[in-house]
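Remarks on the overall topology
This is what each chain is made of:
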Amino acid sequence: MGVEIKLSDKQFPVSPVFIDFLHRRIENKPFDATWHDQLSEEMVSAQGEIRQIAEAEAGKVLEHPVGQKAIYRSYELLTAILTGAPDKLRFFHERYRFLCVVGCPRHGGSYLTKQLFLALGFNPDNAPNALAHDGFPDAGPFEFREGANTQTLMTHNMAEYLAMVELYFSDSRLYDNYVIVPKKATKAAYQGAFFNAMLGANVEYIVTLRHPVAACISTYEKSSGLPPDGKFKVRGNIEEWARRDNVFSGEDAQGIFEKDYFDVYLRYWEQYYYNLALTGLKANKHWAVVVYGKERMEQCAQGFFKRFKNAGTAEEFKVFDKRDRHPEWQPRGEAAIQRVAAVWRSVGLDFPVAEMMEGW
């Protein structure tokens, strides 16, 4: 007996992010490239604005040959991924080397990603958010709800991302016979095996680490400050990810807002670095770890310039000393560092405890 299943763009609509990218590409309009601002964190999601642009411009994109070709390519890749056809991805694995910066938000990843673009001769101001930063493809803990399966959404996003890579980097120069594709890929930690398979054996990961107390302070500073009562609140993207990840591992969905802000953040931070070690990302051997700190970050960034034979100099990495704040949080933070270190050691990974304890 044969069964035929037909899916259309009704079930897998073109994402607003992809339409926005194609619209700007076709019209030669500047991309939204706010991703590399080290000193700020977007507080309100830009998805509403992108959706409005996509709705207004979708017709033009769908009628344009460039748009048609790119969208068809994304569906071709989506079909290949859904049905298990790795040969269809061979082109990407043989032509591109993805350099992914992976780590919790506020851990220096945007700085390193920007320096990668600069070292490769790209103007970061011309690099679209969707290509450079961590919002797309969307990956995270599994959710299944009306009209949404996050696994298939991630798969569709990845297909569109690869189609964007093919278009955006079409005329890029080669380094050791590869086009180098920088990417801040925070969310790869949640679905490591998937990212490895999609990006190929040559993908490289630069893993960023930061003391959880300093990272928590940086997070609440970009979310209008620590709530006066010290309880957890959701005011920005990072706090929403912390809420989601806590609930995913069993925290009460309502009771979370009665918990201490740092406890919620720390659980998110700790689980993130467990995921990074345990979801398959480390099956790829091309890893480098850099701990937050001015000298270490700048040294890593300057290494990009040396590697790609760029005579320029990496930009300054701005660090603000938070080590004397919230001493009451320090014992909990240090205990979490030791727990993460133990899990990493259990799978053969070195966790730089001494550098982490510096507290930057």
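Everything numeric in this text was worked out from a predicted model, so none of it was measured. (Residues numbered from 1 in each chain as written. Predicted model: local features only at pLDDT ≥ 70, side-chain atom pairs only at ≥ 80, totals over all residues. Heavy atoms only, no water.)

1. Regarding helix α12 (residues 294-307)
Quick note on the threshold: Strands here are runs of E lasting at least two residues and helices are runs of H or I lasting at least four, both read from the DSSP assignment and numbered beginning at the N terminus. The span one expects for a helix is its residue count, reduced by one, times 1.5 Å.
Here α12 is 14 residues long and its end C-alpha atoms lie 20 Å apart, about the 20 Å a rise of 1.5 Å per residue gives. Downstream of α12 by one or two residues, Lys309 has phi in the positive range, about 55°.

2. Quick notes on the sheet that holds strand β5 (residues 204-209)
This is how the line gets drawn: By definition, two strands form a pair when at least two bridges between them are found by DSSP. Here the axes come from fitting lines to C-alpha atoms, over the contacting stretch only for helices, and the angles between their N-to-C directions go from 0 to 180 degrees. Pairs of residues are marked as contacts when any of their non-hydrogen atoms sit within 4.5 Å.
Reading across from one edge, β4-β1-β5-β6 is the order of the four strands in this open sheet, with parallel pairing throughout. In the strand order of this sheet, the two ends are held by β4 (179-184) and β6 (287-291), each with one partner. If you compare each strand with its neighbour and ignore which way they point, the axes differ by 15° on average. Note: strand β1 (residues 96-102) against β5, four bridges, orientation parallel. Counterpart to Val101 in the pairing with β5 is Ile206. Packed on one face of the sheet, α12 meets β1, β5 and β6 and runs near 140° to β6.

3. Thoughts on the environment of Leu266
Where we set the bar: The buried label goes to any residue with under 20% of its type's maximum accessible area, the exposed label to any with over 50%, and the partly exposed label to all in between, with areas taken from a 1.4 Å probe on protein chains only.
Relative to the elements of secondary structure, Leu266 occurs in helix α11 (residues 261-278). We classify Leu266 as buried; its relative accessible area is 6%. Through-space distance from the C-alpha of Leu266 to that of Ala336 is 7.6 Å; in sequence the pair is 70 residues apart. Residues contacting Leu266, with those up to four places away along its chain left out, are Pro212, Arg332, Gly333 and Ala336.

4. As for helix α5 (residues 109-119)
Burial within α5 is extensive, with ten of its eleven residues counted as buried. Looking at α5, one finds that the buried residues are Gly109, Ser110, Tyr111, Leu112, Thr113, Lys114, Gln115, Leu116, Phe117 and Ala119. Its buried side turned inward, α5 meets β1, α6 (129-132), β4, β5, β6 and α12. Within two residues after α5, Gly121 carries a phi angle of roughly 90°, on the positive side.

5. Structural notes on the pattern of salt bridges
The condition that has to hold: Only one rule defines a salt bridge in this text: a Lys or Arg side-chain nitrogen within 4 Å of an Asp or Glu carboxyl oxygen.
Tallied over the entire structure, the rule returns 26 salt bridges. A salt bridge links Lys187 to Asp138; its shortest N-O distance comes to 2.8 Å. Placement of Lys187 in the loop between β4 and α8 (192-199) and of Asp138 in the loop between α6 and β2 (144-145) is noted, with a sequence separation of 49 residues between them. Classification of Lys187 by relative accessible area gives buried; the value is 8%. Accessibility expressed as a relative area gives 31% for Asp138, which makes it partly exposed.

6. Notes on the packing of helix α1 (residues 16-27) against helix α7 (residues 150-168)
Heads up, the rule is: The cut-offs work like this: below 35 degrees is roughly parallel, past 145 is roughly antiparallel, 65 to 115 is roughly perpendicular, and the gaps in between are oblique. For any helix crossing, the convention is left-handed if the near helix is rotated counterclockwise from the far helix by under a right angle, and right-handed if that rotation is clockwise. Polar here means any residue outside two lists: the nonpolar Ala, Val, Leu, Ile, Met, Phe, Trp, Tyr, Cys and Pro, and the charged Asp, Glu, Lys and Arg; Gly therefore counts as polar.
Between α1 and α7, the shortest axis-to-axis distance is 11 Å and the interhelical angle comes to 15°. Of the possible angle classes, the one that applies to α1 and α7 is roughly parallel. In this structure, α1 crosses over α7, and the sense of that crossing is left-handed. Two secondary-structure elements touch here, α1 through Phe18, Phe21, Leu22 and Arg25 and α7 through Glu160, Ala163, Met164, Leu167 and Tyr168. Among the residues making up the contact of α1 with α7, the classes are represented as seven nonpolar, no polar and two charged.

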